[in-house]
Amino acid sequence: MSFAVSSTKQTKRPGSSKNPPPTHDKKKDTAVAKSVSELQKENDALKYRIECLEKEFDPKVFEKKSEPQTYALFEDALKSAEETIVKLRNGNSSNENTGELNKAKVEIKELTNKLNQKAKAEETLKLDLQTAQSERDDLKKQLTEARSNINSLNREKQEKDITIKTKEEEIKRLRNNILSNLAKFNNKDTEIASLKKHVEELKTTTNQSSGSIDTKTLQKQLEQNKQEIDRLSSELGGVNESMEKKINDKDTEIGKKTSEIDGLKNEIADLKKACHDAFVKLETKERETKKLEEDYKKKMNQKEESLSRPDIQDLSDSNRPSKLAERLFELYDNEWTNCYETVRKQFSTEQSAVQMLLRTCVKIYNSCTLIATSNVHDLQCAFSTFSEEKDDVLLIQIKQRRKRARRVDIDLKRITQGIGDNVADILGPDLIRNLHVRAFWVKCLEICWLMVIQDPPVYMDIEIDKQGQMFDHAAYRPYTQTGYEFDYVVWPALYTHQGGDILHKGVAQGRESSDSVGGKRRGILVKN
């Protein structure tokens, strides 16, 4: 029995030209490694930039500073001006009163415009400052969010780097396995070729021996060889297909990771640009906020300076020194006259009645000064326990706050009883109950109290015994008679502060020689 060995089915080998072995793309590995390296460099640069931003950023710039309260004084100024208009309208309709009325109207209009402009400018400045601070806070929030996003992306990038490194190691291991299998398959090819050669030799030997060899044994051996060849070919094909599938899956995964890396790079670039823009905008807002704070502080300092300097008066304050001086001499023109007519009946001479009213006024002023000084001292001692401010600074703050507190009615109720007792010691129990007398000393008390709580206090010339001294025409004007010397003082002079400029001239009786006798009062004092 003969066998046609040449008809046996031949399986294609991996090493043949028709079915080349799978190879790994080294260009992709190089590109992935390069992308990972570039991403690592950009990450390091971004971390360095964040550290620089953190060092340059100073949150103390945005500490909110306390602002001095601004007190609206417009209503008091308007009320004072309206009272002046009503008074002028109730008087004689002479040309002088008409001029005073027009002048008061002009003052009201100018005062209203100035106050409105000042309030509008101050409100605009506050709104600008609040807007700048709000934008600054938004920028700080954006910068914090950007930093958080960058940190999150850095963590995600690190995770991706670890995953890529793991995949690269797995690919390297698979590549080594494939090379090892290819080496084994090459050995199998060699073995198959040897078996085929052996079959050919057996075939030749069979033809020559013409049946001398046992054909059954030969046929069995050939079948075994054929089965071995088929098994090895099938095993080689399955391994080759499995390796190709794994390599394709890894290539696809590497492509996805590369796309994710490119996306992360784009996000980091966008965040870097957003951080840079936010930092530039933040610097701009810091400069604007600092300028607004400086302007606001400068205006507040100017306002505080104008309040603390006696030569610069706040025209919106109805209780400023010049107004108080006018009110005190209006008291002299009106309530003093009514009170004088009542008191004059109790004395034999005009001088005695005049000097009693003068002593009453000076006594009230001295009592108010003593109470105001004591109050400030008590407050200063109390506040010094809780405040670290210097004594001078604390004293200024207490005086300014007391002046602005607008608690005159409460203060007057508190001090009227005690000062009333001192007045009763001068006027006596009968006169103190008279309506004209009470109207005089109560109004005098109100004006004197407003004078002493000014900062600095309005000063009253309390030296009332000037008899025999040279008549001071710069500080006093004659009562009913002029002369070279003082005879007696009728009404005290006022100064902006002790040692300051004259605020309003007083009234005094003059005489030519020491034996001069005062005459009668000529009438109500005409204001200068």
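Computed from a predicted model, the values in this text were never measured in an experiment. (Residues numbered from 1 in each chain as written. Predicted model: local features only at pLDDT ≥ 70, side-chain atom pairs only at ≥ 80, totals over all residues. Heavy atoms only, no water.)

**Points about the nonpolar core**
Note on soluble globular proteins: their nonpolar side chains tend to be buried together.
And then number 1: Among the nonpolar cores identified, the biggest contains 57 residues, and Trp336, Ile364, Met451, Met460 and Trp491 are the most heavily contacted of them.
And then number 2: Contributing elements (two or more residues each) for this core: helix H5 (321-333), helix H6 (335-344), helix H7 (350-384), helix H9 (408-427), helix H10 (435-452), strand E3 (485-491), strand E4 (494-495) and strand E6 (506-511).
And then number 3: Beyond its immediate sequence surroundings of up to four residues, Met460 is in contact with Leu328, Cys361, Val362, Tyr365, Cys448, Met451, Pro492, Ala493 and Leu494. (Core = buried A, V, L, I, M, F, W, Y, C linked by side-chain atoms within 4.5 Å. Buried < 20%, exposed > 50% of the residue type's maximum accessible area, 1.4 Å probe, protein only. Helix = DSSP H or I, 4+ residues; strand = E, 2+ residues; numbered from the N terminus. Contact = heavy atoms within 4.5 Å.)

**A short note on unusual backbone geometry**
And then number 1: Omega for the peptide link from Asp455 to Pro456 comes to 0 degrees, which places this bond in the cis form.
And then number 2: By the element assignment, Pro456 lies in the loop between H10 and strand E1 (459-460).

**A closer look at the sheet that holds E1**
And then number 1: Pairing within the open sheet is antiparallel, and its three strands lie in the order E1-E4-E5. Where the open sheet ends on each side, the last strands, each with one partner, are E1 and strand E5 (502-504).
And then number 2: For E4 and E5, the ladder comprises two bridges, and the chain directions are antiparallel. By the bridge assignment, Leu494 is partnered in E5 with His504. (Pairing = 2+ DSSP bridges.)

**Section: the side chain of Asp461**
And then number 1: Relative to the assigned elements, Asp461 resides in the loop between E1 and strand E2 (476-478).
And then number 2: A polar atom in the side chain of Asp461 sits 3.2 Å from the backbone nitrogen of Glu463.
And then number 3: Of note is the side chain of Asp461, whose polar atom sits 2.8 Å from the side chain of Tyr476.
And then number 4: When sequence neighbours within four positions are dropped, the list of residues in contact with Asp461 reads Lys466, Tyr476, Pro492, Ala493 and Tyr495. (Polar contact = N/O pair within 3.5 Å; in protein donor to acceptor, adjacent residues only side chain to side chain.)

**Some remarks on the confidence of the model for the protein**
And then number 1: Residue-level pLDDT values for the protein average 76, and 68% of them are 70 or greater.
And then number 2: The model gives residues 516-528 a pLDDT under 50, and that stretch makes 36 contacts with residues more than four places away or in other chains. (pLDDT = per-residue confidence, 0-100.)

**Some details on the sheet that holds E2**
And then number 1: Across the sheet, which stays open at both edges, the three strands sit in the order E2-E6-E3 with mixed pairing between neighbours. The sheet is open, and its two borders are formed by E2 and E3, each paired with just one other strand. Between one strand axis and the next, the sheet turns through 40 degrees on average, direction left out of account.
And then number 2: Pairing geometry for E3 and E6, over five bridges, is antiparallel. In the sheet register, Glu485 faces E6, and the bridge partner there is Arg511.
And then number 3: Each of E3 and E6 touches H5; the most contacted strand, E3, lies at about 95 degrees to it. (Axes fitted to C-alpha atoms, helices over the stretch in contact; angles between N-to-C directions.)

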